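These are the residues of each chain, in order.
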Amino acid sequence: LAAAERALAASERERTRLTALNDSRSTFVLALLRDLRAPLIDVLGQTRPLMPAPSDLRLRDGLQEVGRTVAELMALFDDSAEFVAANRSLPAARLQRVDARLAVQRACDALARRAEASAVTLSCSPPAAGLVVMADPEALGGVLRGLLADAIRHAPCGGDARIEAAREGDDGTLTVRSDGLPPDPTALS
């Protein structure tokens with residue numbers, strides 16, 4: 001257990017370091033794009049007043065081409081900035097010890113009325129200590145409720161939907177079952 005805790009702490013330190021590195025890179029790239037875009041605005045501003053009279057078509061066409069090129073570069077910089085901003089680090093998951101059987105029981109409790117309204121018998125593995133997993137409790141609860149809601153939706157009227165948490169060696173397993181035909185995996189929400 002102590003070795004696992006040390007490994008988890010080392011993994012968390014590395015994740016924190018990599019997240020900070022990614023955020024620093026994103027900040028640098030955004031600043032660079034902003035700095036590269038600024039002179040282009042000046043170039044665009046300087047070319048417009050220089051537009052000659054219609055008699056000098058070659059000069060006018062050249063300045064218009066400069067203007068179009070500058071506008072394209074600015075659009076590329078803007079698109080790149082949007083991409084970098086959208087790919088910044090997401091908030092870290094709150095990994096902690098979670099009792100998987102208790103999480104299963106909570107998911108069953110949350111969907112008991114839906115199962116009753118669908119005339120489906122809902123059951124889950126009996127609560128028992130000893131099945132602890134490392135997970136984000138909110139994310140795990142959301143996944144369990146989603147799986148169980150799918151099992152209820154696909155169970156026939158008067159059928160059963162069941163979710164079980166069990167230990168298999170060093171791993172924890174979750175099994176969701178429902179009466180009727182197995183649902184098409186692409187149809188699950």
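Residues numbered from 1 in each chain as written. Predicted model: local features only at pLDDT ≥ 70, side-chain atom pairs only at ≥ 80, totals over all residues. Heavy atoms only, no water.

J.: I'd love a proper account of the nonpolar core, names of residues and values included.
T.: With 22 residues, the main nonpolar core has Val104, Leu140, Leu144, Leu148, Ile152 and Ile163 as its most contacted residues. For this core, the elements supplying multiple residues, two or more each, are helix H3 (100-117), helix H4 (137-154) and strand S4 (160-168). Ranked by residue count, the leading element in this core is H3, at seven residues. In this structure valine 104 touches Cys124, Ser125, Leu144, Ile163, Ala165 and Leu174, once residues within four positions along its chain are discounted. (Core = buried A, V, L, I, M, F, W, Y, C linked by side-chain atoms within 4.5 Å. Buried < 20%, exposed > 50% of the residue type's maximum accessible area, 1.4 Å probe, protein only. Helix = DSSP H or I, 4+ residues; strand = E, 2+ residues; numbered from the N terminus. Contact = heavy atoms within 4.5 Å.)

J.: Describe in detail the pattern of salt bridges, supporting the description with residues and values.
T.: Considering all chains together, one arrives at six salt bridges under this definition. Between glutamate 14 and arginine 17 there is a salt bridge whose closest N-O contact spans 2.8 Å. With glutamate 14 and arginine 17 both in helix H1 (residues 2-47) and three residues apart, this pair spans about one turn of that helix. With a relative accessible area of 46%, arginine 17 lands in the partly exposed category. When the shortest N-O distance is used, the salt bridge between glutamate 164 and arginine 177 registers 3.7 Å. On the criterion of sequence distance, the pair formed by glutamate 164 in strand S4 and arginine 177 in strand S5 (residues 171-178) is long-range, its members being 13 residues apart. When its relative accessible area of 23% is taken as the criterion, glutamate 164 is described as partly exposed. (Salt bridge = Lys/Arg side-chain N within 4 Å of Asp/Glu carboxyl O.)

J.: Outline the packing of H1 against helix H2 (residues 57-86), supporting the account with residue identities and numerical values.
T.: Where H1 meets H2, the axes come as close as 9 Å, and the angle between the chain directions of the two elements is 160°. Taken together, the axes of H1 and H2 are roughly antiparallel relative to one another. You can see that H1 and H2 cross each other, and the crossing is left-handed. Contacts between H1 and H2 pair Ser26, Val29, Leu30, Leu33, Leu36, Arg37, Leu40, Ile41, Val43, Leu44 and Thr47 from the former with Leu63, Val66, Gly67, Val70, Leu73, Met74, Phe77, Asp78, Ser80, Ala81, Val84 and Ala85 from the latter. A breakdown of the residues in the contact of H1 with H2 according to their chemical character gives 17 nonpolar, four polar and two charged. (Axes fitted to C-alpha atoms, helices over the stretch in contact; angles between N-to-C directions. Parallel < 35°, antiparallel > 145°, perpendicular 65-115°, else oblique. Left-handed = near helix turned anticlockwise from the far one by under 90°. Nonpolar A, V, L, I, M, F, W, Y, C, P; charged D, E, K, R; others polar.)

J.: Can you explain H1? Please cite residues and give values.
T.: Its 46 residues place the ends of H1 68 Å apart at the C-alpha level, agreeing with the 68 Å of an ideal helix rising 1.5 Å per residue. Three or more residues of H1 are buried, namely Ser26, Leu30, Leu33, Leu40, Leu44 and Thr47. Against H2 lie the buried residues of H1. (Expected span 1.5 Å × (residues − 1).)

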